[in-house]
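# Descriptive structure summary
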Amino acid sequence: MKRSIKLLRFLTWSILASASGLAVICASAFLYLSPSLPSVETLKDVHLQTPLRIYTRDEKLIAEFGEKRREPIRFDAVPKNLVHAFMAAEDDRFYSHPGVDLVGLMRAFFQLVSTGRIQSGGSTITMQVAKNFFLSHERVFSRKFNEILLALQIEQELPKDDIFELYLNKIYLGNRAYGIEAAAQVYYNKSVNELNLSQMAMLAGLPKAPSRYNPINDPDRALSRRDWILGRMKELNYISEAQYDRAIAQPVTASYHGTDIDLHAPYVAEMVRQEMIERFGPEAYTEGFKVYTTVTSKLQTTANTSVINGMMAYNERHGYAGPVSNLINDGKTTESEWLQVINETSNASVLYPAVVTEVQDKSVSLLLKEGKRSYINWDNLKWAKKFINVNAFGYPPKKADDILAKGDLIWVRKMPDGQYRLSQGAMAQSALVSMNPEDGAILALVGGFNFYKNMYNRATQATRQAGSTFKPFVYAAAMANGMTAATIINDAPIVYNDDALEGMWRPENDNNQFNGPMRLREGLYRSRNLVSIRVLRDTGINNTINYLEKLGFSKDSMDPNLSLALGNVSISPMELAQGYAVIANGGYKVSPYLIDRVEVMGDVVYQAEPITVLRNNKVKDSSSEPEPKELPLVASIEKAPMLVNELEDRPKATLLPEAERVMEPKLNYIVNDMLNDVIWKGTGRRARELKRHDLGGKTGTTNDSKDVWFVGFNPDILTTVWVGMDDYSTLGRWEFGANAALPIWLEFMKTALKDKPEQHLPRPDGLVTLKINAKTGKLAQQGDTDTLFEIFRREYAPKSTSTNEPPHEQIEESFSPKDLF
């Protein structure tokens, strides 16, 4: 008996000593580790890593950038069954323990002692929050002890629902999905509120091992895990027997769903991405910025289609360069081999790879991706005369085997009627920029045919020769220096002698003809080169460049010689559009901009306030939101909520910054009227198809047709289109602004102006309309037969009649550099 009492005492003291020792160890560990523990306070204002998303003005998603796909969700928006599924899988006593589950911890401890490693962590949801937000994933005891300490602190400072919300938004669930909302989108293309019970249980099985239990990578193992969770939910009385039976009978329905992009606008997206990185640094990718651009989905879609159709039309004008290859000649003779080649070939914009399986008399049969079959009829084949070079092509084909053979790997595109059409990669390139001329807001932008083949943005990065599209600015400079739309200029040969040149320069008109004396207005709408050169000479090169610099053009882009009159200016489509905005908006200088506002978690952290033409007393109504502030160039998003919270309410109506007037209003009105004649009388006649009288525009074609342009506008919208080759080679001798660029502009503007009333700039005071003699530009007198009405600034109106002005003769004129400055 005494021995038993002694043994009992020994065991009691041993247990007490062990417990005391354990307490001392725990206390020592706490004292050692607690100073290095992070503050739980940071969880109260946590910013989850969320990708950068870019939207149109009408909230269509253009792009998403960032490694982690996440869509934070409030806990009260999470379905109860989904909460229970995660509790059944991870921590069914979450709402009853203080952050640490002793049973689970003892299990982990004995695993460590017996095996030397922790096989199942025994972590509660709170401990996982501590690990995911503050600690590494290294499976060592010190990290586990830190988890325990942090979990206890978290439970002291945050409500249970807030902890659960952090957990559901932070956990990694495979396939770049962080958080349950992102996972629901990735695996089921649904919001969490649309998931059924079976799908909820499937997601709840992922945190344990996102790769092993992934329903896409290993559906059998994922199914077993899902069924176990459903069983646990039934045991815990989270669901009924009937719910369990229905859910467990469901098959695996998960599949990968990438981000659903609403609108294809990769050049716009890349411009925004670069600007966001400049503003916010690398944090732009992780802090949940939502960027709303000035682009509208309707116009951007139309711009995409217009450029593609324009490039395909150019291809068809110049003939078919042949198939990509012939797979039979390459040693691939079976359809299974052909299908493998097709499936491995990426689409190129709207072009799809296909293989010709049979050639009939007037059609060909096709094998497409995924084994689909179709055909091309003769209407979609007969354009394919043989391409020789940009200036030559073969005879029109008479039957299908003149064009294609069995085994040919080709490109096709699907037409609006569902038929396939023989196509080929774009031979040329194009860019389109459309903007609101009153504030510079970019409404649509295309930088090339296929962004994914070449990310070079020709709308902003390509500096090309402007050609005749630059002439209106030269004419405006001339009229600012005293000329009028009725000033007579001789369209006659010129010889320019310059010792610095190897020979004499004899510029020509595009048709190699000369028409003699004509009014300035006629010279512009007929785009006569020799008239433009004389206008520049008479104005003076320095005077002209100084005026153009005032309009916003860079002096460095303009060579101080007579070629400036012909558009020898290095300029991008965006810069040219900015210049034309001055004409379109009544004479004000504005700057293009693409980002309208930036939001984080619903707070506006940046709001554009563009320099704007304020003739209509335009205001921005911001009474419903605080005034946004632009963050520093490299700003931490942690400061963004503080900035928003500190902002004072802005006034009910705040005037936007006013644009500077750089072109005198009377002069601007006349230039607009002259450019209206380009469309109704001149080289832009194809635009008359729109049947509008509020449009102005100008074609442009450079030497050897290396660049062709059309710029057209009214006071509400301005669009610039460029077509050319990236290597600066010729487009072909029959390519001009009127037949290559203008059709793209026309297709776009049909949509942009549909159902829009005509808009005209107000006629300023100080203008007079006089009847003049068309040949002399002077006041008409009784008996004159060739007369018309012209608009003049009152101070420059003609005072004399036509008899007082001798006619010009069409003779060759010679001059040297000393005559120009």
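Residues numbered from 1 in each chain as written. Predicted model: local features only at pLDDT ≥ 70, side-chain atom pairs only at ≥ 80, totals over all residues. Heavy atoms only, no water.

## Points about the overall build of the protein
The helix and strand tally for the protein stands at 21 helices and 32 strands. Taking all 821 residues of the protein together, the buried fraction comes to 52%. Counted over contacts in the protein with a minimum sequence separation of 6, partners at least 24 positions apart contribute 70%. (Helix = DSSP H or I, 4+ residues; strand = E, 2+ residues; numbered from the N terminus. Buried < 20%, exposed > 50% of the residue type's maximum accessible area, 1.4 Å probe, protein only. Contact = heavy atoms within 4.5 Å.)

## A look at the packing of aromatic side chains
Counted under the stated rule, the structure contains 18 aromatic pairs. Ring centres 5.0 Å apart and planes at 85° place the aromatic pair Y267 and F451 in the edge-to-face group. In this pair, Y267 is assigned in helix α11 (residues 266-280) and F451 in the loop between β15 (442-446) and β16 (464-465), connecting sequence segments 184 residues apart. The buried category is assigned to Y267, whose relative accessible area is 4%. Residue F451 is classed as buried on the basis of its relative accessible area of 10%. Between Y580 and F713, the aromatic rings sit 6.2 Å apart at their centres with planes inclined by 50°, giving tilted as the arrangement. Of this pair, Y580 sits in helix α18 (residues 573-584) while F713 sits in strand β28 (residues 707-713), and the two are 133 residues apart along the sequence. (Phe/Tyr/Trp six-rings, centres within 6.5 Å; stacked < 30°, edge-to-face > 60°.)

## Concerning the sheet that holds β28
Reading across the sheet, the five strands line up as β15-β14-β29-β28-β27 and stay open at both edges, with antiparallel pairing between neighbours. This sheet does not close on itself; its edge strands, each paired only once, are β15 and β27 (696-701). Each neighbouring strand pair of the sheet contributes to a mean axis angle of 5°, computed without reference to strand direction. In the sheet, strand β14 (residues 429-435) pairs with β15 via four bridges, with the strands oriented antiparallel. Within β15, the position partnered with V433 by the bridge is L445. Contacts between helix α21 (residues 737-752) and the sheet are confined to β14, β15, β27, β28 and β29 (718-724), with β28 contributing the most and set at about 35° to the helix. (Pairing = 2+ DSSP bridges. Axes fitted to C-alpha atoms, helices over the stretch in contact; angles between N-to-C directions.)

## Examining the pattern of salt bridges
Taken as a whole and judged by the stated rule, the model has 33 salt bridges. In this structure, K406 and E358 form a salt bridge, with 3.8 Å as the shortest nitrogen-oxygen distance. Residue K406 is located in the loop between β11 (392-393) and β12 (408-414), and its partner E358 is located in strand β7 (residues 352-359); the two are separated by 48 residues in the primary sequence. (Salt bridge = Lys/Arg side-chain N within 4 Å of Asp/Glu carboxyl O.)

## Here's the deal with the nonpolar core
Counting 96 residues, the largest nonpolar core has M276 and F470 as the members making the most contacts within it. A per-element tally of this core places α18 first, with eight residues. Not counting residues within four places of it along the chain, the set of residues in contact with M276 comprises L52, G281, A284, F289, V291, I595 and V598. Formed by 50 residues, the second largest nonpolar core is a distinct cluster that contains A130, A183, L203 and L230. (Core = buried A, V, L, I, M, F, W, Y, C linked by side-chain atoms within 4.5 Å.)

## So, the pairing of strand β2 (residues 61-65)
In terms of burial, β2 is a largely internal element, four of the five residues being buried. Taken together, the four bridges between strand β1 (residues 52-55) and β2 define a ladder with antiparallel strand orientation. Across the sheet, L52 pairs through a bridge with F65, a residue of β2. Here β1 folds back onto β2, and the loop between the two strands holds five residues, one of which, E59, carries a positive phi near 65°.

## A few points about the environment of E689
Structurally, the position occupied by E689 is in the loop between α20 (665-680) and β27. A C-alpha to C-alpha distance of 8.4 Å links E689 and L746, two positions 57 residues apart in sequence. The contacts of E689, once residues within four sequence positions are left out, are L746 and K750. At 2.5 Å, the side chain of E689 and the side chain of K750 are in polar contact. (Polar contact = N/O pair within 3.5 Å; in protein donor to acceptor, adjacent residues only side chain to side chain.)

## Digging into the packing of helix α9 (residues 219-235) against helix α10 (residues 241-248)
Helix-helix packing is described using two parameters, namely the angle between the two axes and the distance between the axes. Relative orientation of the contacting elements α9 and α10 amounts to 175°, with a least axis distance of 10 Å. The angle between α9 and α10 places the two elements in the roughly antiparallel class. Touching R226, D227, L230, G231 and K234 of α9 are E241, Y244, A247 and I248, all from α10. In the contact of α9 with α10, the residues fall into four nonpolar, one polar and four charged. (Parallel < 35°, antiparallel > 145°, perpendicular 65-115°, else oblique. Nonpolar A, V, L, I, M, F, W, Y, C, P; charged D, E, K, R; others polar.)

## With respect to the sheet that holds strand β5 (residues 289-293)
Reading across the sheet, the five strands line up as β2-β1-β5-β22-β23 and stay open at both edges, with mixed pairing between neighbours. In this open sheet, the two strands that pair with only one neighbour each are β2 and β23 (603-607). This sheet shows a mean twist of 20° between the axes of neighbouring strands, independent of strand direction. The pairing of β1 with β5 spans three bridges and is parallel. In the sheet register, I54 faces β5, and the bridge partner there is V291.

## Overview of the pairing of β23
Of all the five residues making up β23, four are buried; the element is thus mostly covered by neighbouring parts of the structure. Two elements, strand β22 (residues 595-600) and β23, share four bridges in a ladder whose sense is antiparallel. Of the residues in β23, the one forming a bridge with V598 is Y606. Hairpin connection of β22 to β23: two residues between the antiparallel strands, including M601 at a positive phi of 50°.

## What about the environment of N304?
Looking at the secondary structure, you find N304 in helix α12 (residues 297-318). Residue N304 is classed as buried on the basis of its relative accessible area of 15%. C-alpha of N304 to C-alpha of V446: the two residues are 142 residues apart in sequence and 6.5 Å apart in space. Ignoring any residue separated from it by four or fewer positions in sequence, one finds N304 in contact with H264 and V446. A distance of 2.7 Å separates a polar side-chain atom of N304 from the backbone oxygen of H264.

## Structural notes on the side chain of S705
Residue position: S705 is located in the loop between β27 and β28. Given the relative accessible area of 5%, S705 is considered buried. For S705, the side chain forms a polar contact with the main-chain oxygen of E735, separated by 2.8 Å.

## Side note on the confidence of the model for the protein
Of the residues in the protein, 81% reach a pLDDT of 70 or more, and the chain-wide mean stands at 85. This model gives residues 22-38 a pLDDT under 50, and the stretch forms 16 contacts once residues within four places in sequence are excluded. Within the model, the stretch residues 617-653 combines pLDDT values under 50 with 69 contacts to residues more than four positions away or in other chains. (pLDDT = per-residue confidence, 0-100.)

## Observations concerning unusual backbone geometry
Even without a glycine there, the phi angle at E59 is positive, about 65°. Within the secondary structure, E59 sits in the loop between β1 and β2.

## Overview of α20
Counted at 1.5 Å a residue, the expected span for α20 with its 16 residues is 22 Å, and the 23 Å between its end C-alpha atoms agrees. For α20, a buried count of 13 out of 16 residues is recorded, marking the element as mostly surrounded by other parts of the structure. Where α20 starts, the residue carrying a side-chain oxygen 3.2 Å from the main-chain nitrogen of K666 turns out to be E664. (Expected span 1.5 Å × (residues − 1).)

## Focus on the side chain of R421
Within the secondary structure, R421 sits in strand β13 (residues 420-423). The residues contacting R421, other than those within four sequence positions of it, are E316, I376, D379, N380, W383, W411, V412, R413 and M415.

## Section: the environment of L731
One can find L731 in the loop between β29 and α21. Between the C-alpha atom of L731 and that of N389, which follows or precedes it by 342 residues, the distance is 9.9 Å. With residues up to four places along the chain from it excluded, the contact list for L731 reads Y314, H318, V390, A428, D704, S705, K706, V708, V723, G724 and M725.

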